Amino acid sequence: MMRRRIHVHVLGWVLLAGWGMTSAPVAAQESLALRGGKIIPMSGPALEEGVILIRNGKIEAIGKDVAIPPDVKVIDAKGKVIMPGFIEAHSSRGMDQTNETNPNTPFLSVIDGIDPSQEYFDECRRNGVTTVAIFPGNNTMFGGQGAIVKTAGVTVNDMILKRGAGIKISLKPTAERSRMSHMAALRKELDAARIFLEEEKAKSSPKPTAASSDASREPKDDDGSTTNGFQRPPRGQRGTAPRPDAGNVDAAQVRAALASLLKGELLAFIYCELAMDVPQALRLTKEYGLKSVLVLDRDCYKAAKLVAASGLPVILEPTLVFWETQPQTGEDQQIILPEVYREHKIPVALQVTGIGSGNLFRQPNLPPTLGTNFLWYQAATLVKYGASEEEALDTITRRAAQAVGADKLVGTLEAGKDADLIILSGDPLKIDTWVEKTIVNGQVVYDREQDRKLKGLLQSDAKK
Amino acid sequence: MKRSLFHGKSLRWVWLAALLPGWLWAASQGTLSPPSTAATDVYVAQTIWTGKKTINHGYLIVEGGKVKEVGEMRNHQPAYPAHAKVHPLGKAFLMPGLIAAETSLAERGRDDVQTLTPEVRALDGFNFYEDYQPLLAGGVTTVQVAPGTRRLMPGQGAVVQTAGSDPERRTLKDRESLRILLGSAYRNAPRIYEPPIGAVSFDKPLDPTKPQLGSSLASVVAGLRAAFQAAGQPGGPLPGDLSESALDVIAEYMKPGKTIRITTPTVADMRAALALAREFNLKLILVDPGDLRPFRTSLEQWKDVVIGVILQPDARAGAIQEVPVPEEDAPKPMTSQEKARWLLDAGIPVALRPQQDADLKDLLYLASSYRTSLSVDESLSLVTRHAAHLLGLGDRVGTLEPGQQADFVVLSGPPFAARSRIDQVFIAGENVYSAANANLPKAVKSKPLPMLLKARQIYTGDGQRIEQGQMLIHGSTIRGVGRSVSASLDCPVHDFGQAVIVPGFFDMGAKLGLGGAPQGNATLGTKLGEYLLTSDPQVRLARQGGVTSVLLSIEQAGPSPVVAFKLSDRPQVLKDPAAIRFQVSGNLTMTGQTLRDALRSGKAYADAWTQYERDNEEYQKKLAEYNALKAKLPASKPEEKKPEENKTEEKKPDEKATEEKKPEEKKPEEKKPAEGSTAPAKGPSESLPPEPKAPQKPQLVEVLEPYRSLFAGKMPALVEARRLDQIQLAVTIFRDEFNVRTVLVGADDAHRMETALAEKDVSVIAGPEFIRTVDRETIHLPLRLANAGIPFAFQSQAATGVQQLPSALRYAVRQGLGADDALSGLTTTPAQLLGLDQRIGVLAAGKDADLVVLSGPPFDAATRVIAVMIDGQWVHSMEDDR
C-alpha cells in the first residue's frame, strides 16, 4: 500500500519537476539578494549576517555592507547557513548507462548520454549538490569524455559547465583479459595516437625528419633509465601508423580523442582498481605526459606513499571505511581511508555511492547504509576520522572544483563566480540539517517548502 | 643606524630565501626519501658466503643500501665510521639474497587469445602490493616474473624485488627478456573468429575462420622466423597479424645485450631454438631443456648463443611424485642434477625455477637437492650468482661483492644443514623480514612451547654419554634425548656450546624446606611435605650448585619421617614419606632395645595388614565362586528373600575393595558386612556351601602406617650409624632381624666392614665429610665403598650449603673417586634407593626435566654450573648472578 502510494508520488513529482523546469525561464537572469544568516564562503572566514548579491547568474558582491538595490528580490536567510553548493568530483550517473561495452571509445562524450530529467539530478539538488563531474564508468578501458555539469537545467546544454573535462581511463582489465594485455592494449592505443600526432606535426612543419620528431616526442626529462619507455627504432619507411584495436569503431576518431589527451587538452581520469594499478597510472602519466587525476578504489590505500609523491589530484571511492582480512594471518583489520590519506598528506576529493541516492525513495527495503549517498555525510566521515570541519567542507566544495579543473567558476562564494549556493537550516555537517534552498546560476532550483516528495515521505512516515 | 637596520633586514630575507627552497624540497621529498644514505651498518657473522668465496668470522659493511666492504675479521677491527651500527649475528651464516630465475608471479591463466603478443609486459601484471612474506621467509629477494604461460610468444618478462615500498625502485628490470615457449603444449593457440561473427543460421554456421599459426613445430618455427625476419628488416611487409608495434618489440630483443627466453622441452625444440639464435644472432636463455646427451660434443659451443640455462628441479620440496616407467630400450632420462653438472662443466651458468610458485619459499631447499652432483658453492650459485648473471643483473645482485646491492639472507646455520632457518632478510640494506616477528601461518604450537637444548655432551645418567647431544623439553618432562631429536623449527633453541648436561643432583640429607631447624619432634604420622615453604630463599641459594632434589628428615632419637622433594620455587614432593629414618647413637643397649620395640610393633602392624590383605583376597575369590554357584541354582520360592539379602552383600564386598585404599574413612561401617555375612549362614540352602566370611580389618594407626611400606620393601630405612659398633648394631637389627632395605647414613666406619655390608645389600649415604683422617690414616669413604661394590649416595646435612655438595665431591674425585661413580651417587643411586627411578636420576624421554648445565665435564676444576632446570623451568642460570 505504502509503496504504491510513494510510486504515485514519485511519478507525480517527476512529471511536475519536468513541467516546472520547462516553465522556468532559462535565460531570465533576474537579480537576487540573500540577506542575514551565516555565510561560509570557503574562500575566507565565515561572515555573520552578510549579504550576497547575485546578478546574471553570478555573484556580484558578497560582504557585510553590500547595499541591496531596490529592484532585487530578497531572500531572508536569517538564522540559516549559506555556503557554496557541493561538488561531486566524480560520478557515473545521470546517464542512461554507466559503462560502454566497447572497451575503446575515448571519443564518446557523456553529454550525449546525460538525461537532465533523471531523478539523480533531482536528488542532487535536494542534497545541495550543484555541480557534478560526470564520467563514464570504471569498466571501460577508454570509456569516453566526461563533462562538468550543473545539476539544474532543462536540456544538457543548460547544464554544461565544461564540456571536455577529461577522458576516463580504466586500468581494470575488461572481461577475460589479464592486466598485462590490458596495459599492452592501452599502450598500443596511446602509441598509435602519439604517432598520429607526429604525423600531423610533420605535415604542418616544413622539413620533418624522423629523428627530430622523435626528439620532440620524448620529453627531455627522460633520464634514460631502464624503467622508462624504450625508444622505438625509426621505422618511417613503413609509413602509416598501426591500426588501433578498435573493432568496428572509427579509428580516426579514437586517435583524435587520444591525441587531445596527449596534447594535454583533456585531463586523464585514471581509475585504479587495485593498489598495483597506481604505479601503472603514474607510469602512464610519466611516459605519455598526461595530466592525470587519480580515481582510486579502496585497495589503493596501500599505494598511498606513491600517490602522495606524485602530487596528483585524488578522488576516493565512496566506501571510506571497510574491513579487510590479512591474507597471511586471517586477521580482520579495519581500514579507514580518511586516516590513511591524511597520514600521507594527500588531499582527496569525494564521491558518493553509485547506487543512486534515488534509492531512498525507490527501494525502501534497502539497508540503512544510505550515509554514503550524501556528500555531506562523506565530509562528516572525514571529520569523524580527524579532519577539521573547514577541511571537510573544503573537500566537497573548493577542492573538488580544483580536482576537476573548475575552480575558476565554482567552489567558493566570491564575486565573479557562479551563483551556485545552498541555504541550510543549520550547521552543514549536522544530521538534522536540511537543505532549505538550492540556487544554481542564480536560480532557486530547489526549495524544501515546495518539496512535495519529501513531505510525502515524511508524512507517510508520520502516519505509521 | 638606518642603513645597518636595512642591511640586517635584507640579510634576514636572504637567509629566509635561502632556507625556503631547501625546506620545500625536504617537505616534498619527505615521504619518498630513502633511508639516509649516511647510515652505515656492519654485520658480523661466523660465516659469510659472498657468492664467490667463503669468509669465516667475517664482516659485511653496508652503506646506502650497497655493500661497501666485506672481509675477514682476523685480529683487526675493520675500519668503519664511528656512527656505524654493528650487528653481531653470532653463529649466523650470511649469504646473498636468493634469486628465482623464473616465476609466474604476474597474473596467470588469463592469456591472450593471440599467440604472439610480444607487447605484453609481465611487469604490468605484477602486484607490488601483495604480501610476499612467504617468499621472503624463504630468503627470496629477487624474482623474474614471466608473462603468460600458454602461448607461443606471450610477452616480456621483468625482474623485481620481493619487498620495498617504492615499485620503481623494486623494479630491477622492467623488460628483461622476450619469452617464447616451444613445446607441444604451447603450440595449439585458439582460433580467432575474424571477421566478427554475424548472424548464425543453417546456411551460415558458426565457424572459426582463422587459425593463428600451424600447430607443428615446423610451422611454429617458420612463423617465428618470419617474425624475426620482418622485425630485423624495417619496411618489409607485416607477417600474419603481427602489428608494427609488436615487431618493434621483437626488434628490440634482437639487439645485442638483450635476451630471448625460450622454453625447450624436447631435443627438437632445443635444436630449433639454437638454429634460430644462430640465424638471427640472438642471445638465449634456455628454459627446461630436454635431454642434453645429443649435444654432448657441441655443448661447449653453446656459449656463443646461450647465456644461461634455467632448470626445473625434478621434485617438489617434500612432495612425492610418480615417476614414468621408461620404455624398454629408452635411455634413462637425464636428471636435472646431471644436466646442471654437464652445463656447468661446459661453462654455462645455470639457474633454477621451481615447478610451482608455491615452492619459491623452498628455493634454498631445492638448490640443496643439486648437492648430489654439485659442490655446495655451485649449488648455492644456482639461486644467487648464476641467476643474477643470466638475468643480466650480475653487477647488481647475486653476490656480496663491494658495490653490489646489499641483498642478503641471515641463516641460523649452514644453508644446507638440517634445522638451519632463515632468520632475517635484507633488501638494499633494509631489513624486510625477520623470523621473530613474521606474520606468517605458524606451525601448530604445542603449549607450552617446547624447548630444545644443545650441548657438547649429555650424560644421561645411565652410563651413556651423547656427544653433540640434543634434548627436547616439553612442559616439565623430557621428550627426547639424542644426537638429533625431533623438534619444530620455531621451538626455541638453547645452544650451550661446549657445555655438558647432566641429570639434576640429589642430596640425600638436607636441612632445607622448613625455613630453619625444625622445632620439636615429629611422629611417623607427620607428613613433612605439607610443611614445606614456597619461595624459600634458602632453597633458591641451595639449588645453585646443581642439586635439584633433596631428602628432608627430622633429627631425633625416635624414628622420623623422611620426605623427598624438588627444590623448585613451589617445592614439589616426590614421595612422602620416602623413607623412615632411625638413629643408632648413645647407649647402644638402650637404643637397640628401643629400635627393636619400634620395629617389632611396626612389623606387627604391617603383618596384620599383610595378613588381612591376603585373607581379603582369598575371601574375594571365594565370594566370587559362591556367587557364581548361587546364580546357577534355580531360584526357589522359600529362598526369595535371600537373593535380596545377597544383593546387598554383593555390593558390600565391592565397596570394601575400594575402601582398602582409604581405610581410615570407612571404619564405622566396618561391622556391617560382617553381620551381613553371618545372616546367610543362618539358613544354608541344601546345595549351597556356607557363604565365606569377610576377614576382620585391622585398626588403622597412622603413626605405624609407614612401616607397611618399609616391611613391604617399598621404602628403605635410613639408619644413621657412624661408628663401627653402631653400624654393626644397625645391620644386625635392620638387616638380620627385621630384613628391611637398609641405607646407612653417615657410616664413617663402614669401610671396616665393607665386605659384610656388600654381602648384606646395605647401601650408604656418605657425608657430609667424605675424606677423614683418623689415627693418622686417611679414609676416603666413597672410594672404599665404590671399590667394595656398596651402592652409595651423598648428603650435605646443610641448608644453603647444599649448593656446595657437588664441589665437595670434586675434592673426593680429585682424591681418587671416579667421576662416574661420584655422578651416579648424585643422580641414579639416590633415585634407585628411594624407588624414584621412574621419574628422576636419568635423562631420558618421559623423565622429569631436572637437569644441570655445566660448563665442562662434571667435577673438573674449571667446571661451573651454567644453569639449573627443575621440572622444565630454569631455576638458576649464571646470568642471574651478574
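Residues numbered from 1 in each chain as written. Chains lettered and ligands numbered in written order. Predicted model: local features only at pLDDT ≥ 70, side-chain atom pairs only at ≥ 80, totals over all residues. Heavy atoms only, no water.

### Points about the overall build of chain B
- Counting its regular elements, chain B contains 22 helices and 36 strands.
- By residue count, 50% of the 882 residues in chain B fall in the buried class.
- Long-range pairs, those at least 24 residues apart, make up 67% of the contacts in chain B with a sequence separation of at least 6.
- Working note: accessible area of chain B is about 42000 Å², and carbon and sulfur atoms make up 52% of it. (Helix = DSSP H or I, 4+ residues; strand = E, 2+ residues; numbered from the N terminus. Buried < 20%, exposed > 50% of the residue type's maximum accessible area, 1.4 Å probe, protein only. Contact = heavy atoms within 4.5 Å. Areas by Shrake-Rupley, 256 points an atom, 1.4 Å probe, with all protein chains shown as cover.)

### With respect to the overall build of chain A
- Of regular secondary structure, chain A possesses 14 helices and 20 strands.
- Pairs at least 24 apart in sequence give 66% of the contacts found in chain A among residues at least 6 apart.
- When the accessible surface of chain A is totalled, it reaches about 20300 Å², and 53% of it is carbon and sulfur.

### Some remarks on the packing of aromatic side chains
Residues and elements named next belong to chain B.
- Inspection of the entire model under this criterion finds 21 aromatic pairs over all chains.
- Their ring planes at 85° and their centres at 4.9 Å tell us that Phe126 and Phe128 sit as a pair that is edge-to-face.
- Residues Phe126 and Tyr132 carry aromatic rings whose centres are separated by 5.2 Å and whose planes lie at 5° to one another, so their mutual orientation is stacked.
- Look at Phe126 and you get buried, because its relative accessible area is 1%.
- Using a relative accessible area of 5% as the deciding quantity, one classes Tyr132 as buried. (Phe/Tyr/Trp six-rings, centres within 6.5 Å; stacked < 30°, edge-to-face > 60°.)

### What to know about the packing of helix α4 (residues 179–204) of chain A against helix α7 (residues 277–288) of chain A
All names here are of chain A.
- Relative orientation of the contacting elements α4 and α7 amounts to 15°, with a least axis distance of 12 Å. Considering their axes alone, α4 and α7 lie roughly parallel with respect to each other. Here α4 and α7 pass one another in a crossing that is right-handed. Mapping the contact onto sequence places Arg179, Met183, Leu186, Arg187, Leu190, Asp191 and Arg194 in α4 and Asp277, Gln280, Arg283, Leu284, Glu287 and Tyr288 in α7.
- A breakdown of the residues in the contact of α4 with α7 according to their chemical character gives five nonpolar, one polar and seven charged. (Axes fitted to C-alpha atoms, helices over the stretch in contact; angles between N-to-C directions. Parallel < 35°, antiparallel > 145°, perpendicular 65-115°, else oblique. Left-handed = near helix turned anticlockwise from the far one by under 90°. Nonpolar A, V, L, I, M, F, W, Y, C, P; charged D, E, K, R; others polar.)

### Re the side chain of Arg772(B)
Residue and element names in this part refer to chain B.
- Within the element layout of this structure, Arg772 appears in strand β31 (residues 771–774).
- Taking the relative accessible area as the measure of exposure, Arg772 reaches 16% and is therefore buried.
- A distance of 2.9 Å separates the side chain of Arg772 from the backbone oxygen of Asp748, its partner in a polar contact.
- Beyond its immediate stretch of four places on either side in the chain, Arg772 contacts Asp748, Asp749, His751, Glu777, Thr778 and Ile779. (Polar contact = N/O pair within 3.5 Å; in protein donor to acceptor, adjacent residues only side chain to side chain.)

### Digging into the pairing of strand β19 (residues 435–440) of chain A
Residues and elements named next belong to chain A.
- With respect to burial, β19 is a largely interior element, six of its six residues being buried.
- As paired strands, strand β18 (residues 421–424) and β19 are joined by four bridges and run antiparallel to one another. Bridging from a neighbouring strand, Ile423 pairs with Lys437 of β19.
- Pairing geometry for β19 and strand β20 (residues 443–447), over four bridges, is antiparallel. When the bridges of β20 are listed, Ile439 appears paired with Val444. (Pairing = 2+ DSSP bridges.)

### Brief notes about helix α6 (residues 267–280) of chain B
All names here are of chain B.
- Look at α6: 20 Å from first C-alpha to last across 14 residues, which is about the 20 Å you get at 1.5 Å a residue.
- Residues of α6 that are buried: Asp269, Met270, Ala272, Ala273, Leu274, Leu276, Ala277 and Phe280.
- Phi turns positive one or two residues past the end of α6, at Asn281, with a value near 55°. (Expected span 1.5 Å × (residues − 1).)

### Things to note about the sheet that holds strand β17 (residues 348–349) of chain A
Residue and element names in this part refer to chain A.
- Pairing is mixed in the open sheet, where eight strands are placed in the order β8-β9-β10-β11-β12-β13-β14-β17. At either end of the open sheet lies a strand with only one pairing partner, and these are β8 (86–91) and β17.
- Of the strand pairs in this sheet, strand β11 (residues 160–170) and strand β12 (residues 267–272) are connected by five bridges, and their pairing is parallel. Paired with Ser170 across the bridge in β12 is Tyr271.
- Against the sheet, helix α2 (residues 119–126) engages β8, β9 (129–134) and β10 (142–150), with an angle of about 135° to β9.
- Where α7 meets the sheet, its contacts fall on β12 and β13 (292–296), and the angle it forms with β12 comes to roughly 160°.

### Here's the deal with the packing of α4(A) against helix α6 (residues 251–262) of chain A
Residue and element names in this part refer to chain A.
- Between α4 and α6, the shortest axis-to-axis distance is 8 Å and the interhelical angle comes to 85°. Comparing their axes, α6 and α4 come out roughly perpendicular. Together, Glu189, Leu190, Ala192, Ala193, Arg194, Phe196 and Leu197 of α4 and Val254, Arg255, Ala256, Leu258, Ala259, Leu261 and Leu262 of α6 make up the contact between the two elements.
- Grouping the constituent residues of the contact of α4 with α6 by class yields 11 nonpolar, no polar and three charged.

### Let's talk about the sheet that holds strand β14 (residues 306–311) of chain B
Residue and element names in this part refer to chain B.
- What the six strands build is an open sheet, ordered β8-β11-β12-β13-β14-β15; its pairing is mixed. Pairing within the sheet leaves two strands with one partner each, and these edge strands are β8 (155–156) and β15 (350–352).
- In this sheet, strand β11 (residues 177–181) lies alongside β8 in antiparallel orientation, the contact comprising two bridges. Looking at β11, one finds that Gln156 is bridged to Leu178.
- Packed onto the sheet, α6 meets β12 (259–263), β13 (284–287) and β14 and runs at close to 175° relative to β13.
- Contacts from helix α7 (residues 336–345) reach β14 and β15 within the one sheet, and its direction differs from that of β14 by about 165°.

### Let's talk about the pattern of salt bridges
- Tallied over the full model, the rule gives 64 salt bridges over all chains.
- For the salt bridge of Glu88(A) with Arg93(A), the shortest nitrogen-to-oxygen distance reads 3.6 Å. Both residues of the pair, Glu88(A) and Arg93(A), belong to the buried class.
- What emerges from the salt-bridge pattern is a single network uniting Glu102(B), Glu176(B), Arg179(B), Arg261(B), Asp288(B) and Arg353(B). (Salt bridge = Lys/Arg side-chain N within 4 Å of Asp/Glu carboxyl O.)

### Examining unusual backbone geometry
- Cis geometry marks the peptide bond from Asp576(B) to Pro577(B), where omega comes out at -5°.
- Following Gly767(B), the chain continues to Pro768(B) via a peptide bond in cis, the omega torsion being 0°.
- Among the secondary structure elements, Pro768(B) is positioned in the loop between β30 (763–766) and β31.
- If you check the backbone angles, Asn56(A) has positive phi at about 55° while not being a glycine.
- With phi around 70°, Phe859(B) is a residue other than glycine that occupies positive phi space.
- Residue placement: Phe859(B) occurs in the loop between β34 (851–854) and β35 (865–870).
- A relative accessible area of 12% places Phe859(B) in the buried class.

### Remarks on the nonpolar core
- With 176 residues, the main nonpolar core has Leu296(A), Tyr341(A), Ile250(B) and Trp302(B) as its most contacted residues.
- Take this core: its biggest share by element is nine residues, from α4(A).
- Apart from residues no more than four positions distant in its own chain, Ile250(B) is found in contact with Pro118(B), Met153(B), Leu178(B), Ala227(B), Phe228(B), Ala231(B) and Leu242(B).
- The next biggest cluster of nonpolar side chains, apart from the first, holds 78 residues, and it includes Leu710(B), Phe794(B), Leu805(B) and Val868(B). (Core = buried A, V, L, I, M, F, W, Y, C linked by side-chain atoms within 4.5 Å.)

### Thoughts on helix α19 (residues 805–814) of chain B
All names here are of chain B.
- Those residues of α19 that fall on the buried side of the exposure criterion are Leu805, Pro806, Leu809, Ala812 and Val813. Viewed end-on, α19 has its buried residues packed into an arc of 100°, placing them on one side of the element.
- Close packing links the buried residues of α19 with β24 (505–507), β25 (547–553), β31, β32 (777–780), β33 (792–794) and α20 (819–826). (Arc of directions from axis to C-beta.)

### Remarks on the confidence of the model for chain B
Residues and elements named next belong to chain B.
- Here chain B averages 83 in pLDDT, while 84% of its residues score no lower than 70.
- Averaged pLDDT values for the elements of chain B fall to 43 in helix α1 (residues 2–29) and rise to 96 in β15.
- Predicted confidence is poor over residues 638–684, with pLDDT under 50, and the contacts of this stretch with residues over four places away or in other chains come to 40 contacts. (pLDDT = per-residue confidence, 0-100.)

### What to know about the confidence of the model for chain A
Residue and element names in this part refer to chain A.
- Mean pLDDT for chain A: 80, with 79% of residues reaching 70 or above.
- In this model, residues 1–28 is a region of pLDDT below 50 whose contacts with residues beyond four sequence positions or in other chains number 23 contacts.
- Counting interchain partners and residues more than four positions distant, the pLDDT-below-50 stretch residues 355–368 has 19 contacts.

### A look at the environment of Thr827(B)
Residues and elements named next belong to chain B.
- Among the secondary structure elements, Thr827 is positioned in the loop between α20 and α21 (828–833).
- Spatially, the C-alpha atom of Thr827 lies 9.4 Å from that of Val547, the residues being 280 residues apart in sequence.
- In contact with Thr827, other than residues within four places in its own chain, are Pro503, Gly504, Phe505 and Gly841.
- Of note is the side chain of Thr827, whose polar atom sits 2.8 Å from the backbone oxygen of Leu823.

### As for the environment of Lys53(B)
- By secondary structure assignment, the location of Lys53(B) is in the loop between β1 (40–49) and β2 (54–63).
- Separated by 347 residues in sequence, Lys53(B) and Leu400(B) place their C-alpha atoms 9.7 Å apart.

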